[in-house]
Every structure is written in C-alpha cells, then in structure tokens.
Amino acid sequence: MSTRRHFLQSSLLAAGALAAPRLARSAPASGAKVVSTWDFGVGANAAAWPVLARGGDALDAVEAGARWAEADLCNPTVGRCGNPDRDGVLTLDASIMAGDGRCGAVAALEDILHPVSVARAVMEKTPHVMLVGEGAQQFALAQGFPKQPLLTDEARKAWREWLKTSEYRPQINAERRQRPGDASNHDTLGILAIGADGKLAGACTTSGMAWKLHGRVGDSPIVGAGLYVDNEAGAATASGVGEEMVRNAASFLVVELMRQGRSPAEACREAIERVVRKRPEASKQLQVCFLALNKHGEVGAYALHQGFVYAVHDGGAGPHERLHESASVYATARQ
C-alpha cells in the first residue's frame with residue numbers, strides 16, 4: 001500500500017524533474033560519476049554530467065551543478081529563491097574543493113547570483129580560502145560578477161508571515177518542503193564528482209537557515225565541515241543543521257574514515273554515530289546527513305532521521321531521475 005510519505009516523495013520528484021535540465025544521453029565516461037543531495041540533486045547532476053561525459057574536469061562539473069541550483073532551481077533553501085534571515089536579508093554561502101587540496105569559499109554574501117563561482121575565484125585568484133560579507137561582495141564585483149537583488153516576492157512574503165510568531169526552530173528534512181506555506185529553515189545542495197581521470201571534486205551552496213541571526217554562517221562554506229575532498233581517499237558533503245557538522249569537523253571525519261578503509265556508507269554511519277554520542281538528546285530533534293564518494297567511485301550515505309535522499313548519475317542506462325534514500329539512526333519520518 002502506498003503511503004502519504006511515498007506519495008509526497010513521488011510528487012516532489014515529478015515536480016523536480018520538470019525544473020531539471022534535460023539529462024545527457026551521451027555514452028558513459030569510464031569511471032566518471034556525480035552525486036548530489038536531496039531531490040534537487042537530480043537537476044544538479046543533470047547540469048554537471050555533460051562536463052564529465054566529454055571527459056571534463058570534476059571541478060568544472062560540480063561548479064556547473066551548483067550554478068544550476070543557484071539560478072535555475074527555485075527552492076527556499078538554496079540560491080536566489082532562498083528564505084532570508086530574521087532581518088529580511090538573503091545571504092548566500094558556498095564552497096568548492098578539488099581533490100588536490102585547492103579550495104575556496106564565501107559566506108554571508110549578498111546580491112551575487114553565483115556564490116559557488118565566487119568561491120572558485122577566491123580559490124584561483126587569491127592567496128585565501130574564504131571571504132565573507134562585504135569583503136566577499138567587493139571581491140565578486142571586482143571579478144566582474146554583477147550585483148543584483150535576489151530576494152523574491154515569495155521569500156519576502158514567507159518572512160513577513162514568519163514575523164507574526166518569530167519562532168525559530170530547525171525543521172527536519174525542510175529541504176523537501178515547498179512553498180507556499182513552508183516552514184523550511186535550512187539548508188544545502190552538496191555535490192561530489194569523480195572524473196574519468198579519477199580526480200575528485202565537490203561543492204556546496206546554500207542560503208542557510210531561514211530566519212537565522214544576521215551574520216550566522218553554517219557548515220556549507222567551511223572546508224572540513226560541510227565539504228571535504230581528497231584524491232587519496234574520497235569526498236564527503238553534509239546537510240542538515242550546520243552547527244553539528246562544525247562541532248564534529250564532519251566531512252573531514254567521513255573522508256578520514258574512508259582513508260582508514262571504511263566504505264562510504266560505513267564512514268557516514270560512523271560519523272553520524274559520533275554526532276549522537278556527543279549530543280544524544282539534541283540528535284532526536286534535528287537532522288544531520290552525510291553523502292560520500294570514495295576514490296573508487298563507490299557511493300554511500302547515512303542520516304540521523306529518515307527522509308534524506310540523494311541522486312546519482314554515471315552516464316549508464318539509468319534511470320538517473322531515481323532518488324536513493326539513506327539509512328538512518330532513527331526510524332522516524334518527519335515530513
């Protein structure tokens with residue numbers, strides 16, 4: 001018997017497919033693969049795959065997937081349609097990392113459409129890893145990124161509705177809720193890829209928790225927390241309440257566990273178990289999810305609560321629109 005939850009998941013997937021770019025039908029690039037978090041990972045993978053299919057660099061692929069989420073997707077947790085902070089200001093965070101250790105990030109960036117590309121510019125054109133706030137915007141403008149207002153009418157309306165109660169509480173699996181009337185207040189597109197040459201890359205992009213304190217930064221732009229990539233072991237990304245990933249250096253932990261011989265799924269599970277051991281009561285009320293890709297192209301994921309899904313594209317027969325649901329510590333479906 002189909003459940004309401006499965007019906008909602010199918011409906012959301014169908015809606016996401018309408019917004020996603022057409023999937024590439026080219027022959028598989030040997031060994032290449034891209035994986036992304038949440039329902040919108042289908043569209044992100046579809047945008048990234050053509051780069052990998054022609055033998056392109058994994059770094060270019062993850063940037064392309066993240067740019068799709070920032071501009072073409074309209075979701076209250078990522079990019080131009082993101083919900084603002086409690087002051088009504090939309091700020092964006094992003095990071096990008098190559099498997100050789102190169103990385104860049106921006107945080108609390110305003111009025112720039114593609115924070116992931118600004119993060120890459122930080123990586124390639126400065127001696128720094130992260131720029132924040134006004135400094136990040138100043139750098140973006142100097143690099144030729146246009147300044148444009150990004151807060152949508154829908155997000156402004158959602159913020160005004162929130163002001164009636166001003167209640168701030170993370171919602172489990174908020175990424176899968178849609179406007180109108182959503183109460184979502186986090187989080188992230190995380191995307192990981194391996195090219196035909198065996199080199200890895202990853203990116204994160206987010207509008208962060210809705211109604212957050214102005215200036216709050218989560219895990220997504222913090223290398224080692226929301227994202228970590230190492231060609232010698234693998235790549236990992238995180239989603240959920242970012243403070244938990246920062247507390248545990250979570251994505252770095254997942255990659256190090258893979259270096260020690262764990263499979264991607266085992267590494268994600270062990271990292272989740274550490275979150276539970278440190279804050280057992282808090283873990284029952286919030287979502288934390290990990291997605292990992294090792295140097296052999298194997299994929300794994302794990303979450304605190306049911307409902308975390310991810311998408312995989314390797315150029316094979318597919319279906320690449322299929323969502324894979326991770327195992328979880330708690331068998332509770334919070335939809």
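Worth saying up front: this structure is predicted, and the values here are computed from it rather than measured.

K.L.:
So what about the overall build of the protein? Which residues, and what values?
P.N.:
Secondary structure summary: the protein contains 10 helices and 13 strands in total. Every one of the 335 residues in the protein was classed for burial, and the buried ones make up 59%. For the protein, the share of sequence-separated contacts (at least 6 apart) that also reach a separation of at least 24 residues comes to 66%. Put simply, the protein shows about 13,400 Å² of open surface, and 51% of that area lies on carbon and sulfur atoms.

K.L.:
Before we move on, can you summarise the nonpolar core with the specific residues and values?
P.N.:
Core analysis: the largest hydrophobic core is formed by 90 residues, its most contacted members being Val118, Val254, Val288, Phe290 and Leu304. When residues no more than four places from it in sequence are discounted, the contact partners of valine 288 are Ser239, Val241, Glu244, Met245, Ile272, Val275, Tyr302, Ala303 and Leu304.

K.L.:
Can you tell me about the environment of tryptophan 211, naming the residues and giving the values?
P.N.:
Tracing the chain through its elements places tryptophan 211 in the loop between strand S6 (200–206) and strand S7 (227–230). For tryptophan 211, a relative accessible area of 4% gives the class buried. A sequence separation of 124 residues divides tryptophan 211 from aspartate 87, and the C-alpha atoms of the two residues are 7.5 Å apart.

K.L.:
So what about the packing of helix H4 (residues 115–125) against helix H5 (residues 133–142)? Which residues, and what values?
P.N.:
For the pair H4 and H5, interaxial distance at closest approach is 10 Å and the crossing angle is 85°. Classified by the interaxial angle, the pair formed by H4 and H5 is roughly perpendicular. Facing Val118, Ala121 and Val122 of H4, the residues of H5 in contact are Ala136, Phe139 and Ala140. Class assignment of the residues belonging to the contact of H4 with H5 gives a composition of 6 nonpolar, no polar and no charged.

K.L.:
Describe the confidence of the model for the protein, naming the residues involved and giving the relevant values.
P.N.:
The predicted model of the protein has a mean per-residue pLDDT of 86, with 84% of residues at 70 or higher. Confidence over residues 1–28 falls short of pLDDT 50; this stretch has 40 contacts with residues more than four positions distant or in other chains. In this model residues 173–177 is a low-confidence stretch, pLDDT under 50, and it forms 33 contacts with partners more than four residues away in sequence or in other chains.

K.L.:
Got a sec to walk through the sheet that holds strand S5 (residues 188–194)? Specific residues and values, please.
P.N.:
Pairing in this open sheet of 8 strands is mixed, and the strands run S4-S3-S2-S6-S5-S1-S11-S12 from one edge to the other. Each of the sheet's edge strands pairs with one partner strand only, and the pair in question is strand S4 (130–132) and strand S12 (323–325). When strand polarity is set aside, the average angle formed by the axes of neighbouring strands in this sheet is 15°. As defined by bridge partners, strand S11 (residues 309–313) adjoins S12 across 3 bridges and the pair is classed as antiparallel. The partner of tyrosine 310 across the bridge, within S12, is histidine 324. Sitting on the sheet, helix H2 (residues 41–53) touches strand S1 (33–37), S5, S11 and S12, and the angle it makes with S1 is about 160°. Seen against the sheet, H5 touches strand S3 (103–109) and S4 and runs at an angle of roughly 105° to S4.

Conventions we followed
Residues numbered from 1 in each chain as written. Predicted model: local features only at pLDDT ≥ 70, side-chain atom pairs only at ≥ 80, totals over all residues. Heavy atoms only, no water. Helix = DSSP H or I, 4+ residues; strand = E, 2+ residues; numbered from the N terminus. Buried < 20%, exposed > 50% of the residue type's maximum accessible area, 1.4 Å probe, protein only. Contact = heavy atoms within 4.5 Å. Areas by Shrake-Rupley, 256 points an atom, 1.4 Å probe, with all protein chains shown as cover. Core = buried A, V, L, I, M, F, W, Y, C linked by side-chain atoms within 4.5 Å. Axes fitted to C-alpha atoms, helices over the stretch in contact; angles between N-to-C directions. Parallel < 35°, antiparallel > 145°, perpendicular 65-115°, else oblique. Nonpolar A, V, L, I, M, F, W, Y, C, P; charged D, E, K, R; others polar. pLDDT = per-residue confidence, 0-100. Pairing = 2+ DSSP bridges.

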